[in-house]
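Chains, contacts and geometry: an overview
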Number of protein chains: 4
Amino acid sequence: MSSVNKVILIGHLGTDPEVRHLEGGSTVAQFRLATNEFYKDKQGNRVERTEWHNVVAWRGLAETVEKYIKKGQQVYVEGKIRTRQYQDKDQQTRYVTEIVADEITMLGGGGRSHGEQQGNQAASQANNATAEPNTFRQEPELNELPF
Amino acid sequence: MSSVNKVILIGHLGTDPEVRHLEGGSTVAQFRLATNEFYKDKQGNRVERTEWHNVVAWRGLAETVEKYIKKGQQVYVEGKIRTRQYQDKDQQTRYVTEIVADEITMLGGGGRSHGEQQGNQAASQANNATAEPNTFRQEPELNELPF
Amino acid sequence: MSSVNKVILIGHLGTDPEVRHLEGGSTVAQFRLATNEFYKDKQGNRVERTEWHNVVAWRGLAETVEKYIKKGQQVYVEGKIRTRQYQDKDQQTRYVTEIVADEITMLGGGGRSHGEQQGNQAASQANNATAEPNTFRQEPELNELPF
Amino acid sequence: MSSVNKVILIGHLGTDPEVRHLEGGSTVAQFRLATNEFYKDKQGNRVERTEWHNVVAWRGLAETVEKYIKKGQQVYVEGKIRTRQYQDKDQQTRYVTEIVADEITMLGGGGRSHGEQQGNQAASQANNATAEPNTFRQEPELNELPF
DNA sequence: TTTT
DNA sequence: TTTT
């Protein structure tokens, strides 16, 4: 206890979010977010490496992702790391590490692709009244790990 | 480009660090760090969930980890997320997500176990002169992903 | 818009928190938190510098601070920077920068001073059920800047 | 000791950076960075509040700021809080709180104003080889507080 | 496998 | 003094 598990990412979405509406009424949105780093290999060559993060958003935040966040967009994501296990098709235990988002902010001024500007305005209205436009926060709530 | 990949953890080590001295002269230290969260399940019962993070430190930071960080200790870790793939014993591709540490700080005032206070003093001397005692930073350097 | 203003501090309280119960029913708690850095001056001497942060907590978080956080304790504080102005006794405009806390976590295992261990247990019960014991979060709410 | 003092900001520059080249050869760059928050006042009206941060960058990071960062640009800033005192014109002690930057990343894809895209490419070459293009890091060094 |  |  007395622990902290915090992740801060700024990157671009590799695909449109996948959204599922669960039987209990919850919504889950998932997308892959790319961050990049550059380093020199042993030969002194400059190499780019892309890290792909599995971002998951729940409930209200998932619904906002569904409406306003698109492939290619640059976003700020704040959340926590969670590794969960599942059985693959051969019944072997596999692990996947995800970033469970608490807050997602659209960066870059928007307006880059079709309808995005409208999206942002709508987002402002849909959003929690105390948050900034283009910033979406997960309401603190039960966190049931329903996978 | 223009991306951010940052992780901040506070937790306790589940085991002593494993340290390897590579043929090229580099040192790598790895340990598992526990963070805990509490939530209510659908029946309203309070459930604790432990997240285990794979922390990796390189070079000077690894050597400091080897000397001063022990099982059970509470530490602050700042770093970045990196997922790498490897072949398991059945030649299947597997993925593991790690936290590559840039900075590790001992918390809790030390003195909890044998020789720790001495350890901290030695650490201050071993450490980068501009950093705080008990705070260890990775020198920015080539980052060759040698796994 | 689309902005981020986030502060993460780990330090020790310089004094017991000052708590005020406002006429509207709100509670405010304030304390000074010390962080330390070490650097070399131009003569190569090692110098320690203490930074004192003005931390402010509101409502439920303030009440928790009042009950469980004491002078000397090591805490993790997450929040945002806010500079506000006021008139000093000579009617001159002065500025003070504060950290408005969203989350406070007790570090170091507690038990260092009188009754602290009991305090932590009580804290677990008083706390938001989905949070960790020893971690206290501000409920997202109207943020009226009543100073 | 064992402390953390970390600030993460995403905002827009209110003015072009002011850059000074000190007699000792050091360079300092300063700019004001705006972050915004929205809240409801007691009457339920939605109010915007802008927080202005004093950002300071030193040495190589200052030179990069001088070359590539302009008024209006959206940037990510990582650094630490520092409050310093000075004597005002009436010989009264005044305090100012600043964010001493360790890392500055240009956001928003650039290309918004004249020559910015070229600027980014030049920046990549000027920059530390292991960092990302558009991300500029302070080299860890003596930190002499020369104000 | 940690911690309280 | 920024941005949408």
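In short, a report on the structure. (Residues numbered from 1 in each chain as written. Chains lettered and ligands numbered in written order. Predicted model: local features only at pLDDT ≥ 70, side-chain atom pairs only at ≥ 80, totals over all residues. Heavy atoms only, no water.)

All chains considered together, the criterion is met by 37 salt bridges over all chains. In this structure, the salt-bridge partner of lysine 80 of chain C is glutamate 37 of chain D, at a minimum N-O distance of 3.0 Å. Taken together, the residues lysine 80 of chain C in strand β5 (residues 74-87) and glutamate 37 of chain D in strand β3 (residues 27-40) connect one chain to another. Across the pair, exposure class does not vary: lysine 80 of chain C and glutamate 37 of chain D are buried alike. We note a salt bridge from arginine 137 of chain C to glutamate 103 of chain C, for which the minimum N-O separation is 3.0 Å. Of this pair, arginine 137 of chain C sits in strand β7 (residues 135-137) while glutamate 103 of chain C sits in strand β6 (residues 93-106), and the two are 34 residues apart along the sequence. Relative accessible area serves as the criterion here: at 37%, arginine 137 of chain C is assigned to the partly exposed category. Here the salt bridges do not stand alone but share partners, grouping Lys6 and Glu78 of chain A together with Lys6 and Glu78 of chain C into one network. (Salt bridge = Lys/Arg side-chain N within 4 Å of Asp/Glu carboxyl O. Helix = DSSP H or I, 4+ residues; strand = E, 2+ residues; numbered from the N terminus. Buried < 20%, exposed > 50% of the residue type's maximum accessible area, 1.4 Å probe, protein only.)

Here the focus is the interface of chain C and chain D. Counting from both sides, the interface comprises 35 residues of chain C and, opposite them, 36 residues of chain D. Carbon and sulfur atoms supply 49% of the area buried between chain C and chain D, which totals about 3200 Å² over both sides. Where chain C meets chain D, there are 18 residue pairs in polar contact (both at pLDDT 80 or more). Listing elements by their share of the side of chain C that touches chain D, those giving two or more residues are β1 (4-13), β3 (27-40), β4 (46-58), β5 and β6 of chain C. At eight residues, β1 of chain C tops the list of elements feeding residues into the side of chain C that touches chain D. For the side of chain C that touches chain D, a count of residues per class yields eleven nonpolar, 13 polar and eleven charged. In this structure, β1 of chain C lies alongside strand β1 (residues 4-13) of chain D, joined through seven bridges in antiparallel fashion. Opposite isoleucine 10 of chain C, over in β1 of chain D, you have valine 4 of chain D as the bridge partner. (Contact = heavy atoms within 4.5 Å. Buried area = accessible area lost by both parts, 1.4 Å probe. Polar contact = N/O pair within 3.5 Å; in protein donor to acceptor, adjacent residues only side chain to side chain. Nonpolar A, V, L, I, M, F, W, Y, C, P; charged D, E, K, R; others polar. Pairing = 2+ DSSP bridges.)

This part covers the relation of the copies chain A and chain B. Superposing chain A onto chain B takes a rotation of 180° plus a shift of 0.0 Å along the axis, which leaves an RMSD of 0.1 Å. Interpreted geometrically, this transformation is the action of a two-fold axis. Scanning chain A for the C-alpha nearest the rotation axis identifies valine 7 of chain A, at a separation of 2.3 Å. Residue by residue, 100% of the interface of chain A is reproduced at the interface of chain B, so both copies engage with the same surface. (Least-squares fit on C-alpha atoms with pLDDT ≥ 70 in both.)

It is worth spelling out the relation of the copies chain C and chain D at this point. Mapping chain C onto chain D calls for a screw motion: a turn of 180° about the axis and a shift of 0.0 Å along it, with 0.1 Å RMSD after fitting. Of the residues that chain C buries at the interface, 100% are likewise interface residues in chain D, meaning the two copies contact each other through the same surface.

With that out of the way, let us pick up the pairing of strand β2 (residues 18-21) of chain C. Two faces belong to every sheet, and in a regular strand the side chains alternate between them. Two strands pair when backbone bridges link them, and β2 of chain C and β3 of chain C are joined in this way by four bridges, in the antiparallel orientation. What sits directly across from histidine 21 of chain C, in β3 of chain C, is threonine 27 of chain C.

Here we come to the side chain of glutamate 103 of chain C. Residue and element names in this part refer to chain C. On the basis of relative accessibility, which here comes to 11%, the residue glutamate 103 falls in the buried class. Here the side chain of glutamate 103 touches arginine 137 through a polar contact of 3.0 Å, side chain to side chain. With residues near it in sequence (within four places) discarded, glutamate 103 still touches Leu61, Tyr76, Val77, Glu78, Thr135, Phe136 and Arg137.

All names here are of chain C. The sheet contact formed by β3 and β4 spans 13 bridges and is antiparallel. Bridge assignment links arginine 32 to a residue of β4, and that residue is asparagine 54. Where β3 hands over to β4, the hairpin turn is made up of five residues, of which glycine 44 adopts a positive phi near 85°. In this sheet, β6 lies alongside β4 in parallel orientation, the contact comprising three bridges. Residue pairing across strands places valine 55 opposite isoleucine 99, the latter belonging to β6.

Once that is clear, we can look at the side chain of glutamate 78 of chain C. Here glutamate 78 of chain C shows up in strand β5. Glutamate 78 of chain C sits in the buried class, given a relative accessible area of 5%. Of the polar contacts made by the side chain of glutamate 78 of chain C, one reaches the side chain of lysine 6 of chain A; its length is 3.0 Å. Not counting residues up to four positions away in its chain, the partners in contact with glutamate 78 of chain C are Lys6 and Glu78 of chain A together with Lys6, Val7, Ile8, Val100, Ala101, Asp102 and Glu103 of chain C.

Now for the interface of chain A and chain B. Residue-level contacts link 35 residues of chain A with 36 residues of chain B. Each partner contributes to the roughly 3200 Å² buried at the junction of chain A and chain B, and carbon and sulfur atoms together form 49% of this total. Run the count over chain A and chain B and you get 17 residue pairs in polar contact (both at pLDDT 80 or more). Among the secondary structure elements, those contributing two or more residues to the side of chain A that touches chain B are β1 (4-13), β3 (27-40), β4 (46-58), β5 (74-87) and β6 (93-106) of chain A. Per-element tally for the side of chain A that touches chain B: the top contributor is β1 of chain A, with eight residues. Of the residues in the side of chain A that touches chain B, the class split is eleven nonpolar, 13 polar and eleven charged.

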